[in-house]
Amino acid sequence: MSCDDLRDSYELYALGVLEEPESGEIRAHLERGCPACQSGVRGARQSMALLGATAPPMPPPARLGLRVRAAVAGGRGIRWSWAPAWAAVATAAVVAALVFHAREQHAADELARAQAHSAAHTRELARLNRALDILNQPDARQVVFGAGPQPPRGRVFLDSRRGVLLLASNLPPAPAGKAYEMWVIPKGGKPLPAGMFQAATDWTAMHVLPGPVDLTGAGAVAVTLERESGVPQPTSQPVILAAL
Amino acid sequence: MMLLPLLLAIEIGEGDPGLALRLQRREPQAMAELYDRYGRLVYSLIVRIVRDSAIAEDLVQETFLRVWNRVHGFDAGKGALGPWLLAVARNRAIDYLRSAGSRLRNALELEETEHPASFADFEKDIFRADRVARVKAALAKLSANQRTVIELAYFEGLSQTEMAERTGQPLGTIKTWVRTALKSLRDELGTVAPA
C-alpha cells in the first residue's frame, strides 16, 4: 500500500485498534523506514496523547502517592523531603504525633499490599481464563515440542480466533534483565513478536497471546531469550521451537 | 479551567530529560517527582476509562511501576515522559476492561503503542493548556456519532468491528464515522499528520 493509502490509518494504528491486514501493512511500511509515515504516526501519537489529557480532571486520593512511592521503594525506604524536619522534633507532643502517623502509615501500607495482592490475583485469573478459552476450543491445534529429556518441553495450542497458548516445563528462569519472548514465524517471513514472559521458579511457564491470530502460512512458534523490554526481532537462537 | 493548575505545574521545574535520567539511575525520589508531575493526569485518564476509583488506584500504581521497570528503554534525551505515561495508563486500563469483560483481542497492538521508543521527538510541552483546549474544541465540533466512535476507540480500545457490534451499526457506517472524525480532528489541529 502507498503512503496515501495508509495515511487515514495513522491514528487507529497509534491507538492500537487498527485491525489486520491494515495493521500489519502499516507496521511493515514503518519498518521499511518511510519518513513520511513515521512522521505521520508520530503526529498521530501526539494527538492521541492529547486526547488522554481531555479526560475530566479527577484529584487522586493522597494515599495513592504514598502507594506509588512505597511500591517503587520496595521496602528500601525513601528519603522524604520533610525528613530533616522530623529529625528536629524534640517535644513529646510531636513524638506522639509521629507514633500516630506511623500507625496510620502502617495501616495504609497494609492496605496497599492487600490491594496489590488482590489485583495480582485478578490478573492471574484473567490470564488463566484466556488460556482455558484456547484449550476449550475443539478446533485448537496442538503441537508438542522438546521430545528429549534435557531441553524445554511442552505444548503449543493455537486457535486463530482465540490466540496462542504455550505451556513449557524444564525452562530455567531467565537471568536478571532478561525475559523470554515468544514469536509466531510465518513460512518464509519475519518472526512476529508474540509477547514476553518469565519462567516460574519450578522451571515451568505458561504464556498466552490472546485474541485473533493469523495462522495461515505460520510455520513455527519459537521462544528466544531477550532483554526484558523485548525486541522487534529475535537476537538469539530459539530455546523452544515448535514446528507447525 | 480546572485543568490549568495541573498543566502549569507540569511546565515548572526540571524537564522530562533530567527526570528520565534520574529514573534510569533508579532514584526513588525521581519517581515521587514523576508522580507529582503526572499522577493527577494519569489518575484522571484511568478513572475516565474504568469508571471505578478503587480499580483506578491499582492501575495507577501498576502504570508507574511499569514505567519504573521499563525506563531503561526510554530515550532520556528525545523522549516525552508524559505521553508515554498516558499511553501506559490507557493500556493498563483498557487491558483491565478487556479482562473484566472477557473481551479478547490481540494484545500485541497495545504493547506496541506503549513502547518507549515510540515517544521520541515529540513536540515540547505537549500538554500545554492551549493545546488541550484546542483538542477539546476540535472534539466538540464533531457530530455526536463521530465523537462516540473516537471515544470508543480511545477510552475503550474498541476496534471498528467491535464498535459496529456495540452500536448495532453496519461496519461501513462506523468506518465512515471514524475516517471523517479523524479527518476533522486533523483539519482542526493542523499539524497532527503531514500531508
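Worth saying up front: this structure is predicted, and the values here are computed from it rather than measured. (Residues numbered from 1 in each chain as written. Chains lettered and ligands numbered in written order. Predicted model: local features only at pLDDT ≥ 70, side-chain atom pairs only at ≥ 80, totals over all residues.)

Let us now look at the overall build of chain B. Counting secondary structure elements, chain B contains 10 helices and 0 strands. For chain B, the N- to C-terminal ordering of α and β elements is α-α-α-α-α-α-α-α-α-α. Counting every position in chain B, which comprises 195 residues, the buried fraction comes to 50%. (Helix = DSSP H or I, 4+ residues; strand = E, 2+ residues; numbered from the N terminus. Buried ≥ 20, exposed ≤ 12 C-beta atoms within 10 Å, placed from the backbone.)

Below, the discussion takes up the overall build of chain A. Scanning chain A from terminus to terminus reveals 7 helices and 8 strands. By the burial criterion, 34% of the 244 residues in chain A qualify as buried. In chain A, the share of contacts with a sequence separation of at least 24, taken over all contacts with a separation of at least 6, comes to 56%. (Contact = placed C-beta atoms within 7 Å.)

Turning to helix α4 (residues 35–52) of chain A, a few remarks are in order. Over its 18 residues, α4(A) extends 26 Å from the first C-alpha to the last, a length consistent with the 26 Å expected when each residue adds 1.5 Å. In terms of burial, α4(A) is largely enclosed, as 14 of its 18 residues are buried. (Expected span 1.5 Å × (residues − 1).)

Residue and element names in this part refer to chain A. Pairing geometry for strand β4 (residues 178–186) and strand β7 (residues 218–227), over 9 bridges, is antiparallel. Of the residues in β7, the one forming a bridge with A179 is E226. When β4 meets strand β5 (residues 192–197), the two strands line up antiparallel, connected through 4 bridges. Residue W183 lies in a different strand from β5, and its bridge partner there is P193. The antiparallel pairing of β4 with β5 creates a hairpin that spans 5 residues between the two strands, and G188 there sits at a positive phi of about 75 degrees. (Pairing = 2+ DSSP bridges.)

Two elements in contact, helix α5 (residues 62–73) of chain A and helix α3 (residues 28–50) of chain B, have axes separated by 10 Å at closest approach and are oriented at 140 degrees. Here α5(A) lies oblique to α3(B), going by the angle between them. At the point where α5(A) passes α3(B), the crossing takes the right-handed sense. Between α5(A), through A:L64, A:G65, A:V68, A:R69, A:V72 and A:A73, and α3(B), the contact on the second element is made entirely by B:P28, B:M31, B:A32, B:Y35, B:G39 and B:Y43. (Axes fitted to C-alpha atoms, helices over the stretch in contact; angles between N-to-C directions. Parallel < 35°, antiparallel > 145°, perpendicular 65-115°, else oblique. Left-handed = near helix turned anticlockwise from the far one by under 90°.)

On to the confidence of the model for chain B, then. Low-pLDDT stretches of the model should not have their predicted coordinates read in fine detail. Residues and elements named next belong to chain B. Looking at chain B, the pLDDT average stands at 82 and 83% of residues meet or exceed 70. This model gives residues 1–13 a pLDDT under 50, and the stretch forms 18 contacts once residues within four places in sequence are excluded. With a pTM of 0.57, the predicted complex shows an ipTM of 0.82. (pLDDT = per-residue confidence, 0-100.)

This next bit is on the interface of chain B and chain A. Taken together, the 66 residues of chain B in the interface contact 59 residues of chain A. Those elements giving two or more residues to the side of chain B that touches chain A turn out to be α3, α4 (53–70), α5 (81–100), α6 (108–113), α7 (129–141), α8 (144–156), α9 (160–167) and α10 (171–189) of chain B. Here the side of chain B that touches chain A gets 13 residues from one element, more than from any other, and that element is α3(B). For the side of chain B that touches chain A, a count of residues per class yields 37 nonpolar, 15 polar and 14 charged. (Nonpolar A, V, L, I, M, F, W, Y, C, P; charged D, E, K, R; others polar.)

Take helix α3 (residues 22–31) of chain A next. All names here are of chain A. By the burial criterion, the buried members of α3 are S23, I26 and H29. The arc that holds the buried residues of α3, viewed along the axis, is 130 degrees, so those residues lie on one side. Of the residues flanking the end of α3, it is G33, one or two places downstream, whose phi is positive at about 85 degrees. (Arc of directions from axis to C-beta.)

What follows covers the sheet that holds β4(A). Residues and elements named next belong to chain A. Read across the sheet, 4 strands follow the order β5-β4-β7-β8 without closing on themselves; strand pairing throughout is antiparallel. Looking at which strands have only one partner, the edges of the open sheet turn out to be β5 and β8 (240–243). Neighbour to neighbour, the strand axes of the sheet diverge by 20 degrees on average, direction disregarded.

Residues and elements named next belong to chain A. By the secondary structure assignment, P212 is in the loop between β6 (205–210) and β7. Of the residues examined, P212 has 17 C-beta atoms within 10 Å and is grouped as partly exposed. C-alpha separation for the pair P212 and R161, spaced 51 residues apart in sequence, amounts to 4.2 Å.

Residues and elements named next belong to chain B. It is the contact of α8 with α10, at a shortest axis distance of 9 Å, that shows an interaxial angle of 90 degrees. One element, α8, and the other, α10, form an angle in the roughly perpendicular class. Between α8, through N145, Q146, V149 and I150, and α10, the contact on the second element is made entirely by I174, W177, V178, T180, A181 and S184.

All names here are of chain A. By the secondary structure assignment, L167 is in strand β3 (residues 163–169). Separated by 11 residues in the primary sequence, L167 and V156 place their C-alpha atoms 6.4 Å from one another. For L167, the residues in contact, after removing those within four places along its chain, are G154, R155 and M206.

With that out of the way, let us pick up the pairing of strand β2 (residues 153–159) of chain A. Residue and element names in this part refer to chain A. Of all the 7 residues making up β2, 5 are buried; the element is thus mostly covered by neighbouring parts of the structure. Strand direction decides the pairing type here: strand β1 (residues 141–145) and β2, joined by 5 bridges, are antiparallel. Within β2, the residue paired with Q142 across the bridge is F157. With 7 bridges connecting them, β2 and β3 associate as antiparallel partners. Across the sheet, residue G154 finds its bridge partner in β3, namely A168. The antiparallel pairing of β2 with β3 creates a hairpin that spans 3 residues between the two strands.

B:V42 and B:I46 are the most contacted members of the largest nonpolar core, which totals 79 residues. Setting aside residues no more than four positions away along its own chain, B:I46 makes contact with B:A56, B:L59, B:V60, B:A89 and B:A93. Core analysis: the next-biggest nonpolar cluster, separate from the first, contains 29 residues, A:L158, A:A174, A:I185 and A:A199 among them. (Core = buried A, V, L, I, M, F, W, Y, C linked by C-beta atoms within 7 Å.)

What follows covers the sheet that holds β3(A). Residue and element names in this part refer to chain A. Sheet architecture is open: 4 strands sit in the order β1-β2-β3-β6, paired in antiparallel fashion. What marks the edges here is a single partner per strand, and that holds for β1 and β6. When the angles between neighbouring strand axes are averaged without regard to direction, this sheet yields 10 degrees.

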